Amino acid sequence: MNQAWISTLVFLVVSAVLAASVMIAARILGVASKRRTKLTLTTYECGEEPEGPAWLKFHPRYYVVALVFVLFDVEAVFLFTWALILPDLGMLAIVDMFLFIGILLLGWVFALSKGALRWQ
Amino acid sequence: MNPWLRGLIYAVVVINVFLTITAWSIWFERKFSGRMQSRLGPTFYGPMGLLQPVVDGIKLIQKEFLIPINADRLLFVIAPPLTVVLALGTAAVVPFGADIIAADLDIGVLYLLALGSLTIIPVWMSGWSSNNKYAMLGAMRAVAQGVSYEIPLVLASLVPVILAGSMSLSDIVRFQIKHGWFAFWPPGPGFFAFLFFLPASLAEANRIPFDIPEAESELIAGVSTEYTGMGFGLLYLAEYLHTLVISAVASVLFFGGWDGPFAPGLHWMVLKTLGLFAGIFWVRWSLVRFRSDQLMSICWRYLVPGGLILVMSAGLWVHFHRGSG
């Protein structure tokens, strides 16, 4: 394994230990309230008693945005590899990538004209 | 150096420095915003209110951590520490000097973007697990905004990668030392990439003017509505940490990192990072929040196609300037 990855792993573990220990310290040092009514642990809803669960149906536009995101994000992964070998491949790589991005831009125009990205 | 030891030493030092800077940046922000609005800001604790972060910390750690009765307990508890881990973890690959780097990954930029985009998950976890309508709305908007601004962010950070031909952050800085900072030198792609990078990364960190998930005037406190005590404290801390990391990354990618005359590299790196950090505060207190639909249309109508054009122009620049020479 590459040595830098070991350092990265250690770094992540140290930050996880720190974050967890803050939560545990807060648990130990936190002053618990003496008296709890049945409203103490309810969720906040402008002072009213909460009405039903919050896990509701949502507008499908969120789904469409996620779908378009996947499309462009996969493209970005290809772009990274392309960026690294660009000097070696020369004009061929440029033309190929312009075609690739061009097709994606067509898809973008289609999504835009269909109103997939319009939020009203 | 032994990689285990190197990781440990750098982690302890970098995390401590970052947390200290973050704590006092909150003081700085309150003082700064106070002055911008003809107020005094914190004045009570210590000279000029300098002990305010300490007092805030003690207050937050003493508060009771309440878990709502309908909440998804596990997700509710692990979400705030997870945001902090992801915000701190990105600092592992940021070079602070010629050899001052915890882990010089050869795919540093990809690692940064991966960890940065993962922050959507704890934000979603905190919003969903609260079982609160405001938190749920905030979380939905956070995810939509996070995934949308991910695209311009990736495209903008691709430009330095294309120009330098490497994904390692220290290689990118070395290239800039030789050829000039990307914000200025290839006149066009670099500077515009910075202009794209900054708003996109602010949107990922949920800072004003992109703090739709937390919009306190519409959604009470968005995803952090149900959080009390240290849970809230960590969510808040993660936002500032993320902003600090963004400033560091932006100064590495676009402003030559540790490059600078007279002083040692570390000084320049710190100076650039804190300069950008203060600039972000300035933006925050100058602009108002965007509306949710405005935010999405800015991203999808202008930033995404603009980012693609930037990537293509950077590719052309590399081909005609470096490929020939």
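Fair warning: this is a prediction, and the values are worked out from it, not measured in the lab. (Residues numbered from 1 in each chain as written. Chains lettered and ligands numbered in written order. Predicted model: local features only at pLDDT ≥ 70, side-chain atom pairs only at ≥ 80, totals over all residues. Heavy atoms only, no water.)

**Describing the overall build of chain A**
In terms of regular secondary structure, chain A is built from three helices and zero strands. In chain A, the order of α-helices and β-strands from amino to carboxyl end is α-α-α. Computed over C-alpha atoms, the radius of gyration of chain A comes to 25 Å, more than 25% over the 14 Å expected from 2.2 N^0.38 for 120 residues, which places it beyond the range of a compact globule. By principal-axis analysis of the C-alpha atoms, chain A measures approximately 75 × 50 × 15 Å. The buried share among the 120 residues of chain A stands at 32%. Accessible area of chain A: about 7800 Å², with a carbon and sulfur share of 69%. Placing the 9 positive and 8 negative side-chain charges of chain A at their respective mean positions leaves the two points 16 Å apart. (Helix = DSSP H or I, 4+ residues; strand = E, 2+ residues; numbered from the N terminus. Rg over C-alpha atoms; globule rule 2.2 N^0.38 Å. Buried < 20%, exposed > 50% of the residue type's maximum accessible area, 1.4 Å probe, protein only. Areas by Shrake-Rupley, 256 points an atom, 1.4 Å probe, with all protein chains shown as cover. Lys, Arg positive; Asp, Glu negative; His and termini not counted. Charge placed at Lys NZ, Arg CZ, Asp CG, Glu CD.)

**A few points about the packing of aromatic side chains**
Residue and element names in this part refer to chain B. In total, this model carries 22 aromatic pairs over all chains according to the counting rule given. Summarising the aromatic geometry, the rings of Phe76 and Tyr227 are spaced 4.2 Å apart at their centres and angled 5° between planes, so their arrangement reads as stacked. Residue Phe76 is found in helix α3 (residues 73-89), and its partner Tyr227 is found in the loop between α9 (216-219) and α10 (229-254); the two are separated by 151 residues along the sequence. On the basis of relative accessibility, which here comes to 5%, the residue Tyr227 falls in the buried class. Aromatic pair Trp181 and Phe255: ring centres 6.5 Å apart, planes at 80°, arrangement edge-to-face. (Phe/Tyr/Trp six-rings, centres within 6.5 Å; stacked < 30°, edge-to-face > 60°.)

**Considerations on unusual backbone geometry**
Residue and element names in this part refer to chain B. Positive phi, normally seen in glycine, also occurs at Ser38, with a value near 55°. Among the secondary structure elements, Ser38 is positioned in the loop between α1 (3-36) and α2 (52-62). Residue Ser38 is classed as exposed on the basis of its relative accessible area of 71%. Positive phi values are uncommon outside glycine, yet Asn131 reaches one of about 55°. In this structure, Asn131 sits in the loop between α5 (120-129) and α6 (133-164). A relative accessible area of 8% means that Asn131 is categorised as buried.

**Considering the interface of chain A and chain B**
With 67 residues of chain A at the interface, the matching set in chain B holds 85 residues. For the pairing of chain A and chain B, the buried interface totals around 6800 Å² over both sides, and the portion due to carbon and sulfur atoms is 78%. Considering only the side of chain A, the residues that lose the most area to chain B are Phe11, Trp55 and Phe80 of chain A, jointly responsible for 12% of the buried surface there. Joining chain A to chain B, the criterion identifies one salt bridge. Residues Glu64 of chain B and Arg36 of chain A are paired through a salt bridge, measuring 2.3 Å at the closest nitrogen-oxygen approach. One can count five residue pairs in polar contact (both at pLDDT 80 or more) joining chain A with chain B. Of all the secondary-structure elements, those providing two or more residues to the side of chain A that touches chain B are α1 (3-29), α2 (61-89) and α3 (91-113) of chain A. (Contact = heavy atoms within 4.5 Å. Buried area = accessible area lost by both parts, 1.4 Å probe. Salt bridge = Lys/Arg side-chain N within 4 Å of Asp/Glu carboxyl O. Polar contact = N/O pair within 3.5 Å; in protein donor to acceptor, adjacent residues only side chain to side chain.)

Honestly, that's just the spatial picture; any functional story needs more than this.
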